[in-house]
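Breakdown of the fold
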Amino acid sequence: MLLKKTWFRLLLALILLGASGVTLVMTASFLYLGPQLPPAAQLREVTFQIPLRVYSRDGDLIGEYGEQRRTPIAYEDIPKTFVDAITSAEDERFFRHNGVDLKGLTRAATELVRYREIRSGGSTITMQVARNFFLSLDQTFLRKFNEIVLALQIENVLAKEEILELYVNKIYLGHRAYGIEAAARVYYGKPLAELDLAQMAMIAGLPKAPSAYNPLSNPQRAMIRRNWILDRMLERGVITEEEHATARNANITARYHGSRPQVEGSYIAEMARQDALLRFGPRIYTDGFRIVTTLDSTMQKAAVSSLRHSLHAYDERHGWRGAEARIEVSGLPTLPSAISEVDADAADIGSDSADEPPQAVNLAGIPTSVAEWARTLRGYRRIGDLEPAVVAEVLDDKVRLVLPVGQVASLPWAQMQWARPYINANAVGNAPQKPADVLRPGDVVRLRPVQDDDGQNVWRLAQLPAAQAALVAVDPDTGAIRALQGGYSFAQSNYNRALQAERQAGSAFKPFVYAAGIEHGITAATLINDAPIVFQDNQLEAAWRPTGASNRFYGPTRVREALYRSLNLVSIRLLQQVGIGNTMASLNEFGLPTRRFARDLSLALGSATLTPLEMASAYAVFANGGYQVPPWFIETIENDDGDVLWQAPRVQRCDADACEVAHERLPLDREALADNAIADDDDAVVPDAPPLVTWRPRTVDARTIWLMDSIMKDVVQRGTATRARALNRSDLAGKTGSTNEHLDAWFAGYAPGLAAIAWVGFDSPATLGSGEYGGRAALPMWIDFMAEALVEVPERSLPQPPGIVSARINPENGRRARPGATNAIFEYFREEDLPDMDDSPAMGSGEEGEQIAPEELF
């Protein structure tokens, strides 16, 4: 008995001695390391790296930039279920210990002695906060001591809720997602609050090893980790048996969602990013900057859909170029006939994102036969409206295909009948008679969603368009860009054709030449001869013999008719009559880049090179009554606190004298903007504050604009753009355009509240094919866009300015008709350009002859 008491006392002494030793070591560590460590109070001032986000004017996200995707979340917004899941996974005693869990540390030490390797760190959530914010990831005893000291300090400074908030917003969770809210959006495409129990447990399992337990790259290990967390939650009593069973049996539904914008506006988002980077430097990617652009979400969606639809229509006219690729199908299983097929509305499609990894597809729970087919598509991503698919089975009336996500799609015969073989830009082969004439198993193709004649969502065979396009629309009153799409897909090509592609304008340029003519005394009734002409020049290898597209000549033709018929020879003679110098001066009034233009008569045919945005800016002068208003696209740049760092000036139009008075009355308030540019940041760049008001004087005579507007309305009503009459509006005006060998197709037009330009062509200039004039290749895109963009815009016309008079004229000579002339028509003139009275013999009876239906040439 005495021996037992002795051993008991000895053991108790050893325990007390060990505890005292640990206490001394901890105390010494605290006293020695504490002063050398950063103060835990710094965590109250911590700022997270938040990416740059770009929005439309109506608040829709169009772009996000930054290495760390993060959306900070407040503790009160974290669902309790997730708090239970993350503490079950990482630190179930979190709300009970003082920052250090001796039980966990003892377990970690025992494992180290037993297995001679670190199996668990014994770190609490508080210790992880200390490491993540202040320390390195080196696995050393010194770092562990530092963690402990800092954790104790943190617990004295911050509440548990504050510590957990810091933790869940800081941790890396794979695929560039930092923080739980970002992870919820990356893996499930929705906010954390909308996730179910199984999904929350999946995210709670990521902090331990974001790559090893990733549901995309390691779904089996991720499910094991998720189920372990669910088991721990059940043991703790924070979920019921029923909830546990339901969540444990749930399939993995994670799929990479990337940074999916609410509106496809990547081209203008990139323009905004570059502008902000020049103004503020790299901190835009980390400080939570917010850019609000001038983009209108409704108009931008219409621009994207109309551009893509137009390119697909062009592509189908020119035939099927064959499968995008082929895979070896031997060894792949036959698809079970019982597997359901998804239509274009129900498919789980990917995003059109340049940063989406094609391999990040979760095929867990997919039948093995389908999953094997789906894996062959790794490396192919969605581009625009086009979903990659591999042909698995060709039947008599349809084709069965597999999508990257492991769904089976059905392509009906009616949606592939268009696929005549491509021969060249001007020819296609015979129409296919059955699906096997077009596709075979192993073909990698593209599908796009369409509606059939019954209004059902179905797949249609498609291919990556060979041609490209651009569409840009501006508010003519302010110059604000309301829609801009610089190509089929930014993910496919970030070359912004709306901003960068300088292409010959063709006949879309003619209105500027005609406007110069009106400013120099030519009228809409002036007759100019549409007849062959030959130019001799020693600098030319041969004589220049310009012609019209139809090789048809109309003889003496009124200027109004010449424009809406797009007669080349009349345009050349008009330019020759006005003079190159006078015309160039007028072109400057529209803000056109005349420094790039050749000073010769080819200018009348649109040899000048312009970008679609430059064309839109110039056509806006027609739409707004004669004011040159440069385009712009950023309304405000704000910091994370909502302070405005930069804002665009308000645009005010005025006549020359009024502008001078206005400048004197309204001094520029630069200081107010500059004060907002920096907030407690000595290294910040102070932006040059813009004026709060920019005055834009009139540059073109209002009467010239009004007359040109009247003539260009005839282009729509009776000329080369009659297809636009389908919009049932009387206030539309514009001009089609095409260039030699059909290299470029344009339509430039406007309603008084919106100027829009559509262009189609190849990046490396090549013919679009015979018959691909502006009225066929580009005008349908413009019509589709305007049909959506003008839904809520009432019809209105430019007000008739003083100095415009109307008169009845003889259409055969352009002179004022005498009273009683039966063939007279009305025309408008500047009052000083009113033509002389007709002195020719009166015409006999009869009415004006029937108008020849215009051909859609240019």
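Right, let's walk through the structure included here.

Quick notes on the rules
- Residues numbered from 1 in each chain as written.
- Predicted model: local features only at pLDDT ≥ 70, side-chain atom pairs only at ≥ 80, totals over all residues.
- Heavy atoms only, no water.
- Core = buried A, V, L, I, M, F, W, Y, C linked by side-chain atoms within 4.5 Å.
- Buried < 20%, exposed > 50% of the residue type's maximum accessible area, 1.4 Å probe, protein only.
- Helix = DSSP H or I, 4+ residues; strand = E, 2+ residues; numbered from the N terminus.
- Contact = heavy atoms within 4.5 Å.
- Pairing = 2+ DSSP bridges.
- Axes fitted to C-alpha atoms, helices over the stretch in contact; angles between N-to-C directions.
- Left-handed = near helix turned anticlockwise from the far one by under 90°.
- Salt bridge = Lys/Arg side-chain N within 4 Å of Asp/Glu carboxyl O.

Attention now goes to the nonpolar core. Grouped together as the largest cluster of nonpolar side chains are 87 residues, with contacts concentrated most on Phe 509, Phe 512, Phe 590, Met 615, Tyr 619 and Phe 622. Counting residues per element, this core draws most heavily on helix α19 (residues 612-624), at 9 residues. In this view, Phe 512 contacts Leu 587, Phe 590, Leu 592, Met 615, Ala 618, Tyr 619 and Phe 622; residues no more than four positions away in its chain are not counted. The next biggest cluster of nonpolar side chains, apart from the first, holds 52 residues, and it includes Ile 50, Leu 197, Ala 254 and Tyr 256.

Below, the discussion takes up the environment of Gly 189. Tracing the backbone through its elements, the reader meets Gly 189 in the loop between α7 (180-188) and α8 (197-204). According to the relative accessible area criterion, Gly 189 is partly exposed, its value standing at 44%. Ignoring sequence-local partners within four residues, the contact set of Gly 189 consists of Ala 184 and His 257.

This next bit is on the sheet that holds strand β24 (residues 744-751). Pairing between the strands of a sheet comes from backbone hydrogen bonds, and it takes one of two forms, parallel or antiparallel. One open sheet accounts for 5 strands, arranged β14-β13-β25-β24-β23; its pairing is antiparallel. The open sheet terminates on both sides in strands that have one partner only, identified here as β14 (481-485) and β23 (733-738). Neighbouring strand axes in the sheet, compared pairwise and without regard to direction, differ in orientation by 5° on average. Strand direction decides the pairing type here: β24 and strand β25 (residues 754-761), joined by 8 bridges, are antiparallel. Considered in β25, the bridge of Gly 749 is made with Ala 756. The sheet contacts of α19 involve β13 (468-474), β14, β23, β24 and β25, and relative to β24 the element is tilted by about 35°.

Quick look at the packing of α7 against α8 now. At a minimum axis distance of 11 Å, the contact between α7 and α8 shows a crossing angle of 115°. The handedness of the crossing between α7 and α8 is right-handed. Contacts between α7 and α8 involve Ile 180, Ala 183, Ala 184 and Tyr 188 from the first element and Gln 199, Met 202 and Ile 203 from the second.

Attention now goes to the pattern of salt bridges. Counting across every chain of the model gives 46 salt bridges. Across the salt bridge formed by Asp 84 and Lys 80, the nearest N and O atoms sit 2.9 Å from each other. With Asp 84 and Lys 80 both in helix α2 (residues 80-90) and 4 residues apart, this pair spans about one turn of that helix. By relative accessible area, which is 10% here, Asp 84 ends up buried. Residue classification places Lys 80 among the exposed positions, given a relative accessible area of 59%.

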